[in-house]
Amino acid sequence: MKRVLETVIFWGLLAALWEFGVGWLGIRRYLLPPLSAVLGAGWEARETLLAETWVTLLEVLAGFGLAVVGGVLLGVLIHLSPLARRTLYPLITALQSMPKIALAPLMIVWFGYGFASKLASTFLFAFFPVVVATLGGMANVPIHLDEHFKALGARPWDRFWRLQVPAALPAFVDGIKIAMPLAVIGAIVGEFIGAEQGLGHLMTLATANAQTDLMFAAILVITALAVFLYWGVERLAKAVWWRGISF
Amino acid sequence: MNAPTQEESAQSLPAIAVRQVLKTFVGKHEVKALEAVDLSVAPREFVSILGPSGCGKSTLLRIVAGLTPYEGGEVRVQERLVKGPGPEIGVVFQSSNMLPWLTVAQNMRLGTQLRGLPADTIKPKLAALTETLGLKGFENHHPHQLSGGMRQRAAIGQILALDPQILLMDEPFGALDALTRDRLNVELLRIWQELRQTVLLVTHSIAEAVFLSDRVVVMSGRPGRIVKEISIDLPRPRRPEDIKSHPRYGEYIAELSRLMGVFNDEH
């Protein structure tokens, strides 16, 4: 109860600061509209916002899913194959070191203005932490358990599924927690560069039309979406409850 | 001396035969871990290897287990030339090696699954072991919810479920407090009395070695070699209160302490 009160008071104060602060400081409305104006604009455009949110949500989820599947496959491949570690891994690292925002226009050129380019951009932003987390997790088998499995005559397949995978899961869920916010960024960046739909697209439109209040409404929705998705991933990560228990 | 053990060792081939085994760890500095070690363990015999840390006693056990390759000599377990782990051997380590994501029951079953033993014959055995090891009621707990002693019981249960003819134990109670250790020693002996596997136990506790073993092998380090073998001629079944007041018990402790270079036993 006390916690709830704390939260309500904190966010209430923040909202009040925004609402009245802009007036007191004399900030012009097209630079930073008061909160009520933002909420008003959002309510007025609720149907558009909802539709665009749906588009962005699908892009994020699909891109995140692709990043998780692709990242795990790449991670496992690099872990298992010395050749892949020598060739693919440096390539992926180089790709990661590139500013991905610079690749986003290329995604539009390659995949067009629609869903596919957003999927590609989301994947690019989100997959690297999954690869790194998978690699770290796979290397995380304690040596004494490895020996124990050897003494028990475990076949490689059993060692992989019964020991290595569960031992890798704590690191893996940390990786996807990092990947989720990046996936949201990836989708929005893709929509910024070139799109006909989505919250990022709505933001660029609102900016072009000097509808700062609508732009802020879109930012609030994006933030809420990102927080909600992160919370979802955290819930999912709780399934790996042995994270933090030493073996 | 234990009469049946004597007879059997005279008649049958040794369960474990280590002949002139060499082991050198190569790294920045070469370390001669074992130099021409000979060791023979008869079927159903309980032998302890006693020695200071770093004397190579664990290395010797791991070689017998097929976990560490050796350079010279020959190691045979029930006639099989050891080149890797074998199905007749069960190894209990100092770390209980419980998987944190499995329950106690699942952990105890794991070894049998990895070895591909039939589940239907294993089930009653696991139930009996759970009872014997005092783990009843804890089957659905996870290892981190148990004490170190309980975890080690479960670890022993996991290995005994395999029904190994040869039990190798590498300081199985080394991480436990003295009280728990004593209690588990008594339990181990009680179980062994029934099942009578061949046991090779590595320990640095003199009292533990004397209490449990038919024979104690003393090693010294750098390079690791066997300096002395002492047969423990104490009656079985052994109970701590009888054994510790037995006149020969003190003699064994004193002699082993002298060999180990300590003058006070830990108890």
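Note that this is a predicted model, so its numbers are computed, not measured.

Let's shift gears to the overall build of chain B. Helix and strand content of chain B: nine helices and ten strands. Here the C-alpha coordinates of chain B stretch approximately 45 × 45 × 40 Å along the principal axes. Per-residue burial over chain B gives 54% buried out of 267 residues. Taking as baseline every contact in chain B between residues at least 6 positions apart, the subset at least 24 positions apart corresponds to 70%. Taken as a whole, chain B presents about 11800 Å² of accessible surface, with 52% of it coming from carbon and sulfur. For chain B, the separation between the mean place of its 31 positive charges and that of its 30 negative charges on side chains is 4 Å.

All right, on to the side chain of B:Gln158 then. Within the secondary structure, B:Gln158 is located in helix α5 (residues 148-160). A distance of 2.8 Å separates the side chain of B:Gln158 from the side chain of A:His148, its partner in a polar contact. Here B:Asn107 takes part through its backbone oxygen, which lies 2.8 Å from a polar atom of the side chain of B:Gln158. Ignoring anything within four residues of it in the chain, the contact list for B:Gln158 reads A:His148, A:Leu152, B:Met98, B:Asn107, B:Met108, B:Leu110 and B:Gly111.

Residue and element names in this part refer to chain A. Summed over the entire model, instances satisfying the criterion amount to 13 aromatic pairs over all chains. With a centroid separation of 6.3 Å and 90° between ring planes, the pair formed by Trp-110 and Phe-111 is classed as edge-to-face. The class for Phe-111 is partly exposed, based on a relative accessible area of 42%. Cation over ring: Arg-46 sits above Trp-43, and NZ or CZ is 4.2 Å from the ring centre. Stacked on the ring of Phe-125, the Lys or Arg Lys-100 has its end atom at 5.8 Å from the ring centre.

Let us look at the interface of chain B and chain A. Taken together, the contact between chain B and chain A spans 20 residues of the former and 20 residues of the latter. When chain B packs against chain A, close to 1900 Å² is buried across both sides, 68% of that on carbon and sulfur atoms. Linking chain B with chain A are one salt bridge, by the criterion used here. Across the pair A:Glu147 and B:Arg62 runs a salt bridge, and its minimum N-O distance is 2.2 Å. Between the two partners, chain B and chain A, sit five residue pairs in polar contact (both at pLDDT 80 or more). Elements that contribute at least two residues to the side of chain B that touches chain A include exactly α3 (104-114) and α5 of chain B. The element that contributes the greatest number of residues to the side of chain B that touches chain A is α3(B), accounting for four residues. Classifying every residue of the side of chain B that touches chain A by side-chain character gives eleven nonpolar, seven polar and two charged.

A separate point is the environment of A:Val55. Inspection of the secondary structure puts A:Val55 in helix α3 (residues 46-80). Those residues in contact with A:Val55, other than ones at most four positions away along the chain, are A:Gln197 and A:Gly198.

Residue and element names in this part refer to chain B. Ordered by their spatial adjacency, six strands build an open sheet running β6-β7-β8-β3-β9-β10, and the pairing between neighbours is mixed. In the strand order of this sheet, the two ends are held by β6 (89-92) and β10 (225-231), each with one partner. Between one strand and the next, the sheet's axes are offset by a mean angle of 15°, whatever the strand orientation. Inspection of the sheet shows strand β9 (residues 215-220) paired to β10 by six bridges, in the antiparallel sense. Looking across to β10, one finds that Ser-220 is bridged to Arg-225. In this fold helix α6 (residues 178-195) packs onto β3 (46-50), β7 (166-170) and β8 (198-203), with an angle of close to 150° to the strand it touches most, β3.

What counts, and where the lines are drawn
Residues numbered from 1 in each chain as written. Chains lettered and ligands numbered in written order. Predicted model: local features only at pLDDT ≥ 70, side-chain atom pairs only at ≥ 80, totals over all residues. Heavy atoms only, no water. Helix = DSSP H or I, 4+ residues; strand = E, 2+ residues; numbered from the N terminus. Buried < 20%, exposed > 50% of the residue type's maximum accessible area, 1.4 Å probe, protein only. Contact = heavy atoms within 4.5 Å. Areas by Shrake-Rupley, 256 points an atom, 1.4 Å probe, with all protein chains shown as cover. Lys, Arg positive; Asp, Glu negative; His and termini not counted. Charge placed at Lys NZ, Arg CZ, Asp CG, Glu CD. Polar contact = N/O pair within 3.5 Å; in protein donor to acceptor, adjacent residues only side chain to side chain. Phe/Tyr/Trp six-rings, centres within 6.5 Å; stacked < 30°, edge-to-face > 60°. Lys NZ or Arg CZ within 6 Å of the ring centre and 35° of its normal. Buried area = accessible area lost by both parts, 1.4 Å probe. Salt bridge = Lys/Arg side-chain N within 4 Å of Asp/Glu carboxyl O. Nonpolar A, V, L, I, M, F, W, Y, C, P; charged D, E, K, R; others polar. Pairing = 2+ DSSP bridges. Axes fitted to C-alpha atoms, helices over the stretch in contact; angles between N-to-C directions.

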